[in-house]
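Single-letter residue listing:
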Amino acid sequence: MSTSDDQPALKRPDQPTLNGSAYSPASPYGADSNDLFDGYGRHLAYDEMFDRGGEVRAHCAALFDELRRASSDELGELQLEADKAFLTQGITFTVYGDEQGTERIFPFDLVPRVIAAAEWQTLERGLTQRLTAINLFLKDIYHEGRILAEGVVPRELVQSCRHFRREMRGVPVHGDIYVSVAGTDLVRGEDGRFVVLEDNLRVPSGVSYMLANREVTKRVMPALFDRYHVRPIAQYGQLLLATLRALAPPRAAGEPTIVVLTPGVGNSAYFEHAFLAREMGVALVEGRDLLVHDNTVYMRSTAGLRRVDVIYRRVDDDFLDPLAFRADSHLGVGGLLNAYRAGNVSIANAIGTGLADDKAVYAFIPAIIRFYLSEEPILSNVETYLLANPSDRKYVLEHLDELVVKAVGESGGYGMLIGPHSTAEERLDFRDKILADPRNFIAQPTLALSHSPCFVDGRVEPRHVDLRPYVLFGTSVSIVPGGLTRVALRKGSLVVNSSQGGGSKDTWVLEE
Amino acid sequence: MLLSRVADSLYWISRYLERAEHTARLLDVRLDLGLDRRRGDDAWHFERLYAALRLQPPADVAELGPASLVDALMFDTANRDSVLSCVTLARENARQVREEISSDMWEQINALFLRIKQAQRERTALARPHYLSRAVIEGVHLFEGVTDATMGHGEGWQFLQVGRFIERAGTTAALVDLHVTTGAAAGASPIEWLGLLRSCAALEAYCRCYTADLRPRRIVEFLLLNVEFPRSVRFAAARVGSSLRTIAQLTGRGAGGRTERLAGRLHASLDYGQVDEILDDSHAYLEGITRHAAQIHAAVFQSYVMYPIESALPA
């Protein structure tokens, strides 16, 4: 998976380990410990399986027990089986620039990540609160602009956002639901608490891997799975379908026609688009299958034109309508924006939601939650410096070697400076860029990510992970219990992107 | 509901696979016949193969050896009709409709593609091309079997049938035309008639029907008009006609539309054809069939894929 919204997470510079070195006693977890865990060590970062004292966390006891009883060869065999399952099912991503049609599997780690019931409940409440507020914010921004008038969010910040769509001003959105699919990136801080790193409110991807990981895990490790009561996630397809149905314009009452709009077979996430269409039993269309006549969207079928009511688009705003946005786009359909404004078709996510995942707007989400819901945010943000703000800018420019600087509208790790890993020359270059366009940048402290045990090179070793749950908003918020846990499979790496040695693993949310 | 683009892709998947199978078989037969050749006949055989495939032979055809012939017709992707080109295009079309076809179908077409790519890398096929030709033919047959066994026989399946049998009607007619036209020409031997039957995978079926007594008139009759043999032009036309009728029903078009009329006319001309009359002016007759197949193709495209929007808008 090489998504456009991947975000590498970063660690604190020169992170000290306990006692100044990796704590690696010969037998850290009891005298009979299996050598699979030799050298697992303990570090300052939060570990998903072991607490600070090296004791196994209660909800991981059965997993630890199973792993200790398995040999490296046995796990190796399971790994092969799992990899083969991904390959034969064609759960692959396309490698760009390869004419031979090379498709690679997204590396899969065998060892599931277990999340206790109580912790998930907090996440669920926090994500629900956040997405509810974000939708109220988007409606407000594109209509009366109360939050701007009251000075909670600076007007200048919104209007200068690259993903703010003036075309959406005053456009009614059915049910006032702008973001119906979000893929929020969460990481744990050193204290183990989840914080939101990024909201991903445009076209988040990866959900097919979440579902495929579960299927394969159940197939290769049924006995382990059986020892837990894991909440199911297979209902995602039905939930997504219900979410999209709820968005249908009134004229489509009854049986709305829903489609998934893909950029096409060349897109790296094409497998996922085809997968979701199949899961929901709806058509997978490309821009060239659609046409707009009299402000109504049709798809061209062998039985003639068929009206389209809801488009789950996996195409960015810029490419949706060559008449309204980028004229060179062949991925969308001319006239779509007008049909949308006329209320004849629903688009999920709505046009212009990128405004709310602008990295500078992100800094205001806690204030946005307080403003609309009069509640304290349940999930915290990562501390963020706005470089348009003179005092923040002064501090950041003095501490470039410690901080991470990001361009606000970019994703996928582009336009970033990772202070601790940067050269003096790169810092100087970024300094110039920041001074030339301060609104375009934010800075954050370099983060420690939590560790999770992973099966690597025949042993179990700690690797850094993040978590992306998928949040759906139709008539109400629903979140399948789980998400995509991405893993930085390279030792010491904090980058979970698939293009840079990232993989993923199954995520188990336990029943109470 | 079937998207027009999807129908188009399904149609081309089976057209390209049919073409790949045809090319592989013709190459196999021709190289085998060539082994019995007299010295200095290479160029004649190779030119004949290109003519049978309706391709322009390369300028240096006289200097081509069997290995470079195999390379050109199997692997050369600059040639859109090479086996690798056809299978690659079929696979690309299959990739674009993966949500419509079964996983087994995808895996089969993918395996065929990978098999040819492997042969291209290993280069053993240049010395012993027979085995690769067989593998291609078998791979296509497997795809057809997997398709019948794992995909619903609905509208999409019918488009797969239309593509395969339109291609087959056209290629078989052209092949027969070449042999009848040059039947008495210099260089042609009775072995050529045997080659024609083998090129249509029809030798055994013909013998069962007429014994091993190979007579040009009977061979032409068998390949054009036999009602049971699945590679005869008449059989192909019947299948095109019945699939198009079903598609017309499924898409709510009334009976007797343009595609159906064209397919029905082609089928009727074969149903009521007499081989003696056909042989009176076989070239005109066979050209007529090829032209007819092209018209059906165009009509399918205009009716179901690129129809004018005005005709399809709700009133």
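The numbers attached to residues start from 1 for each chain and follow its sequence in the written order. As a convention, the first chain written is A and the first ligand written is 1, with the rest following in written order. Under the rules for a predicted model, residues below a pLDDT of 70 receive no local features and side-chain atom pairs below 80 are neither given nor counted, while totals for whole chains, interfaces and linings still include all residues.

Attention shifts here to the overall build of chain A. The way it works is that DSSP assigns letters per residue, a run of H or I at least four long becomes a helix, a run of E at least two long becomes a strand, and they are numbered from the N terminus. A tally of helices and strands in chain A yields 14 helices and 24 strands. For chain A, the residues scored as buried account for 49% of the 512 residues in total. Any pair of residues counts as being in contact when their C-beta atoms, constructed from backbone geometry, are within 7 Å of one another. The long-range fraction of contacts in chain A, counting pairs at least 24 apart against all pairs at least 6 apart in sequence, stands at 70%. Once C-beta atoms are placed from the backbone, each residue is buried if 20 or more other C-beta atoms lie within 10 Å of its own, exposed if 12 or fewer, and partly exposed for counts between those two.

Before going further, it helps to spend a moment on the overall build of chain B. Along the backbone of chain B there are 16 helices and 0 strands. The quantity called the radius of gyration is restricted to C-alpha atoms. Its globule counterpart is 2.2 Å times the number of residues to the power 0.38. Taken over the C-alpha trace, chain B has a radius of gyration of 20 Å; the compact-globule value for 315 residues is 20 Å, and the two agree within 12%. The dimensions of chain B, computed from C-alpha atoms along their principal axes, are 70 × 50 × 35 Å. Across chain B, every contact between residues at least 6 apart in sequence was considered, and the portion connecting residues at least 24 apart equals 71%.

Okay, the interface of chain B and chain A next. With 20 residues of chain B in contact, the opposing surface of chain A contributes 23 residues. Those elements that provide at least two residues to the side of chain B that touches chain A are helix H1 (4-35), helix H4 (83-96), helix H5 (103-122) and helix H16 (309-312) of chain B.

Moving on, we come to the environment of Phe46 of chain B. Residue and element names in this part refer to chain B. Relative to the elements of secondary structure, Phe46 occurs in helix H2 (residues 42-52). The buried category is assigned to Phe46, around which 25 C-beta atoms lie within 10 Å. In the structure, Phe46 is positioned 177 residues away from Leu223 in sequence and 23 Å away in space, judged by C-alpha atoms. Apart from residues lying up to four places away in sequence, Phe46 is in contact with Pro57, Val61, Leu64 and Leu69.

Residues and elements named next belong to chain A. Pairing in this open sheet of 3 strands is antiparallel, and the strands run E9-E10-E11 from one edge to the other. With partners counted over all chains shown, the strands left at the sheet margins are strand E9 (290-293) and strand E11 (304-307), one partner each. On average, each strand axis in the sheet is tilted by 40 degrees relative to the strand beside it, whichever way the strands run. Any two strands are treated as partners once DSSP identifies two or more bridges connecting them. With 4 bridges connecting them, E9 and strand E10 (residues 296-301) associate as antiparallel partners. Helix axes use the C-alpha atoms of the stretch in contact, all axes being lines fitted to C-alpha atoms, and the angles between their N-to-C directions lie in the range 0 to 180 degrees.

With an omega dihedral of -10 degrees, the bond running from Ala348 of chain A to Asn349 of chain A counts as a cis peptide bond. Residue position: Asn349 of chain A is located in the loop between strand E13 (346-348) and helix H11 (359-362). In this structure, Arg123 of chain B takes a positive phi of about 65 degrees despite not being glycine. Looking at the secondary structure, you find Arg123 of chain B in the loop between H5 and helix H6 (124-127). Take Arg123 of chain B: there are 12 C-beta atoms within 10 Å of it, and that puts it in the exposed class.

So, on to the confidence of the model for chain B. All names here are of chain B. Looking at chain B, the pLDDT average stands at 90 and 96% of residues meet or exceed 70. Mean pLDDT across the elements of chain B ranges from a minimum in H16, with 76, to a maximum in helix H7 (residues 129-150), with 96. With a pTM of 0.84, the predicted complex shows an ipTM of 0.82. Think of pLDDT as the predictor's per-residue confidence, scored from 0 to 100.

Right, let's talk about the packing of helix H3 (residues 117-142) of chain A against helix H12 (residues 365-373) of chain A for a bit. Angle between the axes and distance between the axes: these two values describe a pair of packed helices. All names here are of chain A. Relative to each other, H3 and H12 sit at 80 degrees, their axes nearing to 9 Å. Relative to H12, the element H3 is oriented roughly perpendicular. Residue-level inspection shows Gln129, Arg130, Thr132, Ala133, Leu136 and Phe137 of H3 in contact with H12, the latter providing Ile365, Ile368, Ile369, Tyr372 and Leu373. Tallied by class, residues from the contact of H3 with H12 come to 8 nonpolar, 2 polar and 1 charged. Every angle not falling under 35 degrees, over 145, or within 65 to 115 is termed oblique; those three ranges are roughly parallel, roughly antiparallel and roughly perpendicular. For this scheme, ten residues count as nonpolar: Ala, Val, Leu, Ile, Met, Phe, Trp, Tyr, Cys and Pro. Four count as charged, namely Asp, Glu, Lys and Arg, and the remainder, Gly too, count as polar.

Our focus in this paragraph is the pairing of strand E19 (residues 451-456) of chain A. Residue and element names in this part refer to chain A. With 5 of its 6 residues buried, E19 lies for the most part within the structure. Across 6 bridges, the pairing between E19 and strand E20 (residues 459-464) is antiparallel. Note on E20: the bridge partner recorded for Cys454 is Glu461. In this structure, the hairpin formed by E19 and E20 is closed by a connection of 2 residues, where Asp457 is found at a positive phi of approximately 50 degrees.

Residues and elements named next belong to chain B. At a minimum axis separation of 9 Å, H1 and helix H9 (residues 190-199) run at an interaxial angle of 155 degrees. Compared by their axis directions, H1 and H9 come out roughly antiparallel. Of the two elements, H1 crosses H9, and the hand of that crossing is right-handed. Together, Arg25, Leu26, Val29 and Leu33 of H1 and Ile191, Gly195, Arg198 and Ser199 of H9 make up the contact between the two elements. Tallied by class, residues from the contact of H1 with H9 come to 4 nonpolar, 2 polar and 2 charged. Left-handed describes a crossing whose near helix is turned anticlockwise from the far helix through less than a right angle; right-handed describes the clockwise counterpart.

In this section: the nonpolar core. Think of a nonpolar core as buried Ala, Val, Leu, Ile, Met, Phe, Trp, Tyr and Cys residues, each tied to the set through C-beta atoms within 7 Å. Core analysis: the biggest nonpolar cluster contains 245 residues, and Val259 of chain A together with Val83, Ala169 and Val240 of chain B have the highest contact counts within it. Among the elements that make up this core, the one with the highest residue count is H1 of chain B (14 residues). Here Val259 of chain A is in contact with Val282, Ala283, Val285, Met299, Val308 and Ile311 of chain A, once residues within four sequence places are set aside.

A separate point is the environment of Lys139 of chain A. Residue and element names in this part refer to chain A. Considering the arrangement of structural elements, one finds Lys139 in helix H3. Judged by the 17 C-beta atoms lying within 10 Å of it, Lys139 is partly exposed. Not counting residues within four places of it along the chain, the set of residues in contact with Lys139 comprises Asp176 and Tyr178.

Moving on to helix H12 (residues 233-250) of chain B. Residue and element names in this part refer to chain B. Given a rise of 1.5 Å per residue, 18 residues ought to cover 26 Å, and the 26 Å separating the end C-alpha atoms of H12 matches this to within 8%. Along H12, the residues that are buried comprise Val233, Arg234, Phe235, Ala236, Ala237, Arg239, Val240, Gly241, Ser243, Leu244, Ile247 and Ala248. Contact partners of the buried residues in H12: helix H8 (155-181), helix H11 (216-225), helix H13 (258-271) and helix H15 (282-305). Each helix should span, by expectation, one fewer than its residue count multiplied by 1.5 Å.

The terminal C-alpha atoms of H8 of chain B, which comprises 27 residues, lie 39 Å apart, in line with the 39 Å expected from a rise of 1.5 Å per residue. Of all the 27 residues making up H8 of chain B, 23 are buried; the element is thus mostly covered by neighbouring parts of the structure.

This paragraph deals with the sheet that holds strand E3 (residues 108-115) of chain A. Residues and elements named next belong to chain A. One open sheet holds the 3 strands; their spatial order is E3-E24-E23, and the pairing between them is mixed. With partners counted over all chains shown, the strands left at the sheet margins are E3 and strand E23 (485-488), one partner each. Mean inter-strand twist for the sheet, computed between neighbouring axes without regard to direction, equals 40 degrees. Bridging between E3 and strand E24 (residues 502-509) involves 5 bridges; their strand directions are parallel. Within E24, the residue paired with Val114 across the bridge is Trp508.

Residues and elements named next belong to chain B. Note that the domain bounds reflect an automated or database-derived domain assignment. By the assigned domains, chain B splits into domain 1 (1-151) and domain 2 (152-306). Using only C-alpha atoms to locate each centre, domain 1 and domain 2 end up separated by 20 Å. Every element with two or more residues in the side of domain 1 that touches domain 2 is listed here: H1 and H2. Of all the elements, H1 adds the most residues to the side of domain 1 that touches domain 2, at 17 residues. Its residues assigned to classes, the side of domain 1 that touches domain 2 comprises 14 nonpolar, 4 polar and 7 charged.

A few words now on the pairing of strand E18 (residues 441-445) of chain A. For a regular strand, side chains alternate in direction, first toward one face of the sheet and then toward the other. Residues and elements named next belong to chain A. Counting buried positions along E18 yields 4 of 5 residues, so the element is predominantly enclosed. Strand direction decides the pairing type here: strand E15 (residues 385-386) and E18, joined by 2 bridges, are antiparallel. When the bridges of E18 are listed, Leu386 appears paired with Ile442. Alignment of strand E16 (residues 403-407) against E18, held across 5 bridges, turns out to be antiparallel.

A few words now on the confidence of the model for chain A. Mean pLDDT for chain A: 87, with 89% of residues reaching 70 or above. Predicted confidence is poor over residues 1-33 of chain A, with pLDDT under 50, and the contacts of this stretch with residues over four places away or in other chains come to 79 contacts.

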